[in-house]
2 protein chains.
Amino acid sequence: MRVKEGNKEKDIVEAAVDIFAKHGFHKAKISQIAEQAGVATGSVYLYFKNKDDILIKIYNSLWEKLYNELLTVTRNEALSPIEKIDAMIDLIFDMFTENPSVTIVFVNEQENMNRVSGDKYSLFYEKFLDEGEKVIKEGISSGMFNKNIDLKIFRHFIFGSIRNLLHQWAITPDKLPLNKIRHNFKFLIKHGIMK
Amino acid sequence: MRVKEGNKEKDIVEAAVDIFAKHGFHKAKISQIAEQAGVATGSVYLYFKNKDDILIKIYNSLWEKLYNELLTVTRNEALSPIEKIDAMIDLIFDMFTENPSVTIVFVNEQENMNRVSGDKYSLFYEKFLDEGEKVIKEGISSGMFNKNIDLKIFRHFIFGSIRNLLHQWAITPDKLPLNKIRHNFKFLIKHGIMK
DNA sequence: ATTAATAATGAATGATAATTCAAAAATAAA
DNA sequence: TTTATTTTTGAATTATCATTCATTATTAAT
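Calculation criteria
Residues numbered from 1 in each chain as written. Chains lettered and ligands numbered in written order. Predicted model: local features only at pLDDT ≥ 70, side-chain atom pairs only at ≥ 80, totals over all residues. Heavy atoms only, no water. Helix = DSSP H or I, 4+ residues; strand = E, 2+ residues; numbered from the N terminus. Contact = heavy atoms within 4.5 Å. Areas by Shrake-Rupley, 256 points an atom, 1.4 Å probe, with all protein chains shown as cover. Near = heavy atom within 4 Å. Polar contact = N/O pair within 3.5 Å; in protein donor to acceptor, adjacent residues only side chain to side chain. Nonpolar A, V, L, I, M, F, W, Y, C, P; charged D, E, K, R; others polar. Phe/Tyr/Trp six-rings, centres within 6.5 Å; stacked < 30°, edge-to-face > 60°. Buried < 20%, exposed > 50% of the residue type's maximum accessible area, 1.4 Å probe, protein only. Lys NZ or Arg CZ within 6 Å of the ring centre and 35° of its normal. Salt bridge = Lys/Arg side-chain N within 4 Å of Asp/Glu carboxyl O.

1. A few points about the overall build of chain A
The secondary structure content of chain A amounts to 10 helices and 0 strands. Taken from the N to the C terminus, the helices and strands of chain A come in the order α-α-α-α-α-α-α-α-α-α. The dimensions of chain A, computed from C-alpha atoms along their principal axes, are 65 × 35 × 30 Å. For chain A, contacts bridging at least 24 residues in sequence account for 71% of all contacts bridging at least 6. A total accessible area of about 9,300 Å² is found for chain A, and carbon and sulfur atoms account for 52% of it.

What follows is the structure, encoded as structure tokens:
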């Protein structure tokens, strides 16, 4: 019997990330993804139920990875709350540094993923932020962080700003060095703009 | 001769905002927009070149309004830099408070608008941020703001955070009062999270 | 070698929905 | 009234792809 050669599923995902980043999910054609992955159009459907399924699998693996790394940070009792915040920011930046296309898809297709995945997307998002929120709570009880800040507001604040910065970086990676962005970002989150 | 009755263009735009917010630009059907606007499908094409054109006109008018209001703030010499920042934040919040659907479209369809409008979207975005940046510069020269903050980074930081907060509010307007969000937001921008 | 699976292909199918346009409706002017 | 002009209609046209599936290719086992 014939046997699978190479890793077509991986090839397809990688091509899809590229094409989704370039044209957006809705304008991306399965035939083009297949071509770039070096397989026939129909083969895509041997590995994925449909077009939505490709997007879902991309997000699942990203969130999975993000969440697992987050846990290693939040569970590290050697770190102070502020060190944990830094480590969390690093984790997100590191995750996306490798690949601007992945970043663009993650940032741009959130809404499509949301629509396509039932409530899977928002579950990931909330679970991640819930875990991160624990760190903020620690920081407040330890007296390091300002206790008047609403936790729900802060989580959307920080996620929105990081998302937009990564996006802008990913569009033109050479315009601003990611390390400078990261450094400024950490400062702004901690101290804001006023002296 | 027959004469135009009512304001069909406005009816279509309002319906489109609603439908775009509910289903997203690509899943939104012209026939459904027409139905909700109380006109025939074909009539949409008397007022708009095509579907893209509807989105473009929505954004144009939003950015136009945002930019004009920004100018009245930045040109007001009676205000200190920090008062201007507050006024700028108020202006954006006020703009979107009225209508969650407009907010959702503005936030979600940015990328489609970008693809569809040539570089019109990014011109608006940059023009707006350039004008806002002047205020930050004033704040730095007057010694109020921290001079180590990169202006390009700050603009994407603040825009991303405000965008996400408005989005989360618009999805479930009753979950968090917008005034509380606004208040926390102003504080975080100025002082960050640390005591 | 031959067979029996399984993998892979890509042209054909089908569904969807944007856009067009010939016909109908409305009304200002004659 | 009738006419001329402009607006509106919505069914027909058209374009675009996602998805399917009959066919072909490949190779492990016999």
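Here the narrative resumes.
2. Details of the protein's contact with DNA strand D
M1 and R2 of chain A together with R2, K8 and S43 of chain B are the nearest of the 21 residues found near DNA strand D. Within the backbone of R2 of chain A, one N or O atom sits 3.1 Å away from a base oxygen of DNA strand D. A distance of 2.9 Å is found between a phosphate oxygen of DNA strand D and a backbone nitrogen or oxygen belonging to I30 of chain A. Here the surface near DNA strand D is composed, by residue class, of 9 nonpolar, 5 polar and 7 charged.

3. Here we look at the protein's contact with DNA strand C
Lining the immediate environment of DNA strand C, one finds 21 residues, of which K8, S43 and Y47 of chain A together with M1 and Y45 of chain B sit closest. Restricting attention to atoms of DNA strand C within 4 Å of the protein, one finds that 64% of them are sugar or phosphate atoms. R2 of chain B places a side-chain nitrogen or oxygen 3.3 Å from a base nitrogen of DNA strand C. Backbone polar atom of K51 of chain B to a phosphate oxygen of DNA strand C: 3.0 Å apart, as the coordinates give it. Taken together, the residues that form the surface near DNA strand C break down as 9 nonpolar, 5 polar and 7 charged.

4. Regarding the packing of aromatic side chains
Tallied over the entire structure, the rule returns 29 aromatic pairs over all chains. Considering the side-chain rings of F20 of chain B and F25 of chain B, the 5.1 Å spacing of their centres and the 70 degrees angle between planes classify their relative orientation as edge-to-face. A single burial state applies to F20 of chain B and to F25 of chain B, both of which are buried. An aromatic cluster is defined as three or more aromatic residues linked by ring pairs; in this entry it consists of Y59, W63, F96, F106, Y121, F124, Y125, F128 and F159 of chain A. Sitting above the plane of the F25 of chain A ring, K51 of chain A keeps its charged end 4.9 Å from the centroid.

5. Examining the pattern of salt bridges
Evaluation of the coordinates by the stated rule reveals 32 salt bridges over all chains. Put simply, E133 of chain A and K152 of chain A hold a salt bridge, and the shortest N to O gap is 3.3 Å. Of this pair, E133 of chain A sits in helix α8 (residues 120–141) while K152 of chain A sits in helix α9 (residues 151–171), and the two are 19 residues apart along the sequence. The partner of R155 of chain B in a salt bridge is D130 of chain B, with the nearest N and O atoms 2.4 Å apart. On the criterion of sequence distance, the pair formed by R155 of chain B in helix α9 (residues 151–171) and D130 of chain B in helix α8 (residues 120–141) is long-range, its members being 25 residues apart. It is possible to trace a salt-bridge network through shared partners that takes in E126, D130, E133, K137, K152 and R155 of chain A.

6. Quick word on the interface of chain A and chain B
Of the residues lining the interface, 47 residues belong to chain A; the matching set on chain B comes to 47 residues. Summed over the shared surface of chain A and chain B, the result is 2 salt bridges. With a shortest N-O distance of 3.0 Å, D150 of chain A and K180 of chain B are connected by a salt bridge. Seen at the junction of chain A and chain B, the total is 22 residue pairs in polar contact (both at pLDDT 80 or more). Sorting the residues of the side of chain A that touches chain B by element identifies α1 (8–23), α7 (110–116), α8, α9 and α10 (178–191) of chain A as the ones contributing at least two each. At 13 residues, α9 of chain A tops the list of elements feeding residues into the side of chain A that touches chain B. Counted by class, the side of chain A that touches chain B contains 21 nonpolar, 16 polar and 10 charged residues.

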